[in-house]
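Close look at the chain arrangement
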Amino acid sequence: MNEKSFFLNEKPVMALVVIRQDRGETYGTKVSKKIDTTYAHTVKILSEMEDASLIETEKAGRKKLLSLTPKGEKYADNFIELLNCFEGREIDY
C-alpha cells in the first residue's frame, strides 16, 4: 500500500497523532485503546508505519515501545495542523 492510500484512512492518521502527542511510554495496546480499534488492526497499522520509516520500535520487557522517526514527526505535525484546522483550534505541538 502506498503512503497516500494509507493516510487517507482515519485510524492510521490518528495512530500517528497519538504517538506524537503521547508524552509517556507509547506502545501498541495504548494506541489501540486511544484510537478505538482492535489490537490486531493496530499492529497492522504500526507494521506499515515501521515499513514506511515513520516509527521505530524498541523491546522493553514484554512491551514494544514506539517512537517517531524524523519523517514520522513531520507527518504527525502536518496531520495535527490539518486536524486543528478542521476543528477550528490553534496548533498544539
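The text that follows walks through the structure, step by step, so that each part is easy to find. (Residues numbered from 1 in each chain as written. Predicted model: local features only at pLDDT ≥ 70, side-chain atom pairs only at ≥ 80, totals over all residues. Heavy atoms only, no water.)

1. With respect to the overall build of the chain
The helix and strand inventory of the chain stands at five helices and two strands. Along its sequence from the N terminus, the chain presents helices and strands in the succession α-α-α-α-β-β-α. The buried share among the 93 residues of the chain stands at 35%. Residue pairs in contact within the chain that sit at least 24 positions apart in sequence constitute 50% of those at least 6 positions apart. A total of about 6,200 Å² of accessible surface is found on the chain, and carbon and sulfur atoms cover 49% of it. (Helix = DSSP H or I, 4+ residues; strand = E, 2+ residues; numbered from the N terminus. Buried < 20%, exposed > 50% of the residue type's maximum accessible area, 1.4 Å probe, protein only. Contact = heavy atoms within 4.5 Å. Areas by Shrake-Rupley, 256 points an atom, 1.4 Å probe, with all protein chains shown as cover.)

2. Quick look at the layout of surface pockets
A volume near 250 Å³ is recorded for the largest pocket. Lining the largest pocket are 14 residues, with Gly 28, Tyr 39, Val 43, Leu 46 and Lys 64 positioned closest to its centre. At the level of elements, α3 (28-35), α4 (39-51), β1 (55-60) and β2 (63-68) are the ones that each hand at least two residues to the lining of the largest pocket. With five residues, the single largest contributor to the lining of the largest pocket is α4. (1 Å grid on protein atoms, 1.4 Å probe; cavity = no way out; pocket = protein on both sides within 12 Å on 5 of 7 lines; lining within 4 Å. Points joined across faces, edges and corners; volume = space filled by probe spheres on them.)

3. Focus: the pairing of β2
Examined bridge by bridge, β1 and β2 share six bridges and lie antiparallel to one another. Along β2, the bridge assignment pairs Glu 56 with Ser 67. The turn linking β1 back onto β2 is made up of two residues, and Gly 61 within it adopts a positive phi angle of 70 degrees. (Pairing = 2+ DSSP bridges.)

4. Observations concerning the pattern of salt bridges
It is possible for side chains of opposite charge to pair when their charged atoms get near one another. Taken as a whole and assessed by the stated rule, the structure comprises five salt bridges. The salt bridge involving Asp 22 is made with Lys 30; its shortest N-O contact spans 3.1 Å. One salt bridge connects Asp 22 with Lys 34, and the closest N-O pair in it is separated by 4.0 Å. One end of the pair, Asp 22, is in the loop between α2 (10-21) and α3; the other, Lys 34, is in helix α3, with 12 residues separating them in the sequence. One continuous salt-bridge network, built from bridges that share partners, spans Arg 20, Glu 73 and Asp 77. (Salt bridge = Lys/Arg side-chain N within 4 Å of Asp/Glu carboxyl O.)

5. As for the environment of Glu 58
With respect to the helices and strands, Glu 58 occurs in strand β1. Along the backbone, Glu 58 and Tyr 27 are 31 residues apart, and their C-alpha atoms lie at a distance of 9.6 Å. If near-sequence neighbours (up to four positions away) are discounted, Glu 58 is found in contact with Lys 63, Lys 64 and Leu 65.

6. A look at the side chain of Thr 26
Within the secondary structure layout, Thr 26 lies in the loop between α2 and α3. A relative accessible area of 4% means that Thr 26 is categorised as buried. A polar contact of 2.8 Å, which involves the side chain of Thr 26, links it to the side chain of Asp 22. When sequence neighbours within four positions are dropped, the list of residues in contact with Thr 26 reads Ile 19, Val 31, Lys 64, Leu 65 and Leu 66. (Polar contact = N/O pair within 3.5 Å; in protein donor to acceptor, adjacent residues only side chain to side chain.)

So far we have only geometry, and geometry alone does not tell us how the molecule works.
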